[in-house]
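Close look at the chain arrangement
What follows is each chain in one-letter form.
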Amino acid sequence: MERPLELGNVTRVQKFVLLGLSTRPDIRDVLFAIFLTLYLLTLLENTLIIYLICSHIELHKPMYFFLGNLSCLEMCYVSVTMPSLLVGLWTGPYHISFTACMTQLFFFIVLICTECTLLASMAYDRYVAICRPLHYPLLMRPQVCLGLALSSWLGGLLVSVAKTSCIASLSYCGPNVLNHFFCDVSPLLNLSCTHVALTELVDFISAIVIFCGSLLVALASYVAIGRAVLHMPSAVTRCRALSTCASHLVVVGLFYGVVLFMYSRPRLIGSTDLNKVLSVIYTVVTPMCSPVIYCLRNRE
C-alpha cells in the first residue's frame, strides 16, 4: 500500500483503537474471568517470593537476589500489559491516546529488555556456582550482584528510550486500529505513514544486542555447566548440580523461545492472531509460571 507523500494536509492520529485479544462477545466474559484470575495469581506469587527473600536471612544469596529482582520485574511487567487486555475483554475495542500508547510501549520495552539481561545474569550465577565453586564468594559478591542488576535495569531503560523515541517520532496519519491488546512495536510500525527504515534498523540492532547477546551468555553458561556436570564423578553429584539450574533453564527456554521468534527481526510476522497468542505466552503465562517453576524444585 502506497504511503502518502505529502503529510502537510493530513491530520495526525491523536489516539489508537485497540481491538483487544478477542472481538467475540460470547467468549469475552469467560476470558476476562480467566485472565483476571491469572493476573491476581501472578501478583500474589511474586509478592510472596519477594517477602520470603527479604524476611529470611538464609535466602540472602546471589541466586535469590536475582530471583527477587525478577519477581519485582514481572509484577511490573504484567501490570503494564494486563490492564489493557482486561479492559479490551470487558468493553470490547477501545480508544487509547497517543501519549498513553507511547508510555505503555516505553515501559513494556524497558521491562522485556531488563528481563532478558536478568535471565542471563542468573545463568552466569549458576555457571559460577557449578563450574567455579571455590571462587563463587568472590565472583558473586554483593557488589557484583548489585552491579549486574543495575546494569540490567539501566540497559533496558536506554534501549527503551532509543526505540520509543524513534517510534513516537513517526507520523501516523492513516488507519489508527491496532489489532492487538496493547501497544506493541510491530503493529505501530505497520500504521506509520512515513518511512520506517531507521526505526526498523534500531529495532533490529537492539534485538541483536539485548536478546541475542543475553541469549548467547545464557547458552555459553549452560554449555559450560553441561561439560562440568559430565565430568562429575558420581550420579548424585550430577543430579544435584542439574537440579539447581533446571528451573532457570525451563524459564529461559520458554521466554527466549517466544520473544526471539517475535522480535529478532524488524518485519511483522504475517499472522496477527498468532502474534497475539504468542504475546499472551510471554506477557501472561511466563510471569505466572516462573515463580511456580522456581519454587517447586527448590527445597529452600
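Residues numbered from 1 in each chain as written. Predicted model: local features only at pLDDT ≥ 70, side-chain atom pairs only at ≥ 80, totals over all residues. Heavy atoms only, no water.

An unreviewed UniProt entry annotates the protein as Olfactory receptor originating from Lynx pardinus.

Some words on the overall build of the protein
For the record, the criterion: Each helix is a run of DSSP H or I of at least 4 residues and each strand a run of E of at least 2, with the numbering of both proceeding from the N terminus. What the globule rule says is 2.2 Å times the number of residues to the power 0.38, and the radius of gyration is computed from C-alpha atoms. Relative accessibility thresholds used throughout: buried, under 20% of the residue-type maximum; exposed, over 50%; partly exposed, between the two (1.4 Å probe, protein chains only). It only takes one pair of heavy atoms within 4.5 Å for two residues to be counted as in contact. Methods summary: accessible areas were calculated by the Shrake-Rupley approach with a probe of 1.4 Å, and residue burial reflects only the protein chains presented.
A count of helical and extended segments in the protein gives nine helices and three strands. When the helices and strands of the protein are read in sequence order from the N terminus, they spell out β-α-α-β-α-α-α-β-α-α-α-α. Expected size for 300 residues packed as a compact globule is a radius of gyration near 19 Å; at 21 Å, the protein falls within 12% of this value. Burial statistics for the protein: of 300 residues in total, 46% are counted as buried. Here the contacts in the protein between residues at least 6 apart in sequence split such that 81% fall between residues at least 24 apart. Surface summary for the protein: the accessible area is close to 14700 Å², and the carbon and sulfur share equals 70%.

Some thoughts on the UniProt feature "transmembrane region" (unreviewed entry) in the protein
This is how the line gets drawn: UniProt positions are given in the numbering used here, feature names are shortened, and annotations may be inferred rather than shown by experiment.
UniProt feature "transmembrane region" (unreviewed entry): in the numbering of this structure it lies at residues 30–54, 66–90, 96–124, 144–162, 204–225, 246–265 and 277–296. Each end of residues 30–54 is marked by a C-alpha atom, and these two atoms are 37 Å apart; helix forms 100% of the span and strand 0%. Between the end C-alpha atoms of residues 204–225 the distance is 30 Å, and the span holds 100% helix and 0% strand.

A closer look at helix H7 (residues 197–230)
The criterion, for reference: For a helix, the expected span equals 1.5 Å multiplied by the residue count minus one. The angle between axes fitted to the seven residues ending at a residue and the seven residues starting there is what we call the bend at that residue.
Between the first and last C-alpha of H7 there are 47 Å, a value that for 34 residues agrees with the 50 Å anticipated at 1.5 Å per step. Roughly 30° is the biggest bend found in H7, and it falls at Ala207.

Quick word on the pairing of strand S2 (residues 94–97)
Note the threshold: We treat two strands as partners when DSSP finds at least two bridges between them.
A one-sided burial pattern is seen for S2, the buried positions being Tyr94 and Ile96 and the unburied ones His95 and Ser97. As paired elements, strand S1 (residues 15–18) and S2 share four bridges and run antiparallel to each other. Note on S2: the bridge partner recorded for Val17 is His95.

Topic: the state of the cysteines
Put simply, the rule is: Counting rule for disulfides: a pair of cysteine sulfur atoms within 2.5 Å.
Tallied over the full model, the rule gives one disulfide. In this model Cys101 forms its disulfide with Cys183; the gap between the sulfur atoms is 2.0 Å. Where Cys101 bonds to Cys183 through sulfur, the torsion about that S-S bond is close to -125°, and the disulfide is left-handed. Of this pair, Cys101 sits in helix H3 (residues 98–131) while Cys183 sits in the loop between strand S3 (177–178) and helix H6 (185–191), and the two are 82 residues apart along the sequence.

Looking at the side chain of Ser84
Let me state the cut-off plainly: Polar contacts here mean pairs of N or O atoms no more than 3.5 Å apart (in protein, one a potential hydrogen donor and the other a potential acceptor; neighbouring residues in sequence count only if both atoms are side-chain atoms).
Counting through the fold element by element, Ser84 comes out in helix H2 (residues 62–91). With relative accessibility at 9%, the residue Ser84 sits in the buried group. A polar contact of 2.8 Å, which involves the side chain of Ser84, links it to the backbone oxygen of Phe181. The residues contacting Ser84, other than those within four sequence positions of it, are Tyr94, Gln104, Phe181 and Phe182.

What to know about the nonpolar core
Going by this rule: Buried residues of nine kinds, namely Ala, Val, Leu, Ile, Met, Phe, Trp, Tyr and Cys, make up a nonpolar core once their side-chain atoms join them within 4.5 Å.
Phe16, Phe35, Ile112, Leu119, Tyr172 and Leu188 are the most contacted members of the largest nonpolar core, which totals 70 residues. By size, the runner-up hydrophobic cluster in this structure holds nine residues, among which are Ile130, Val229, Met232 and Ala241.

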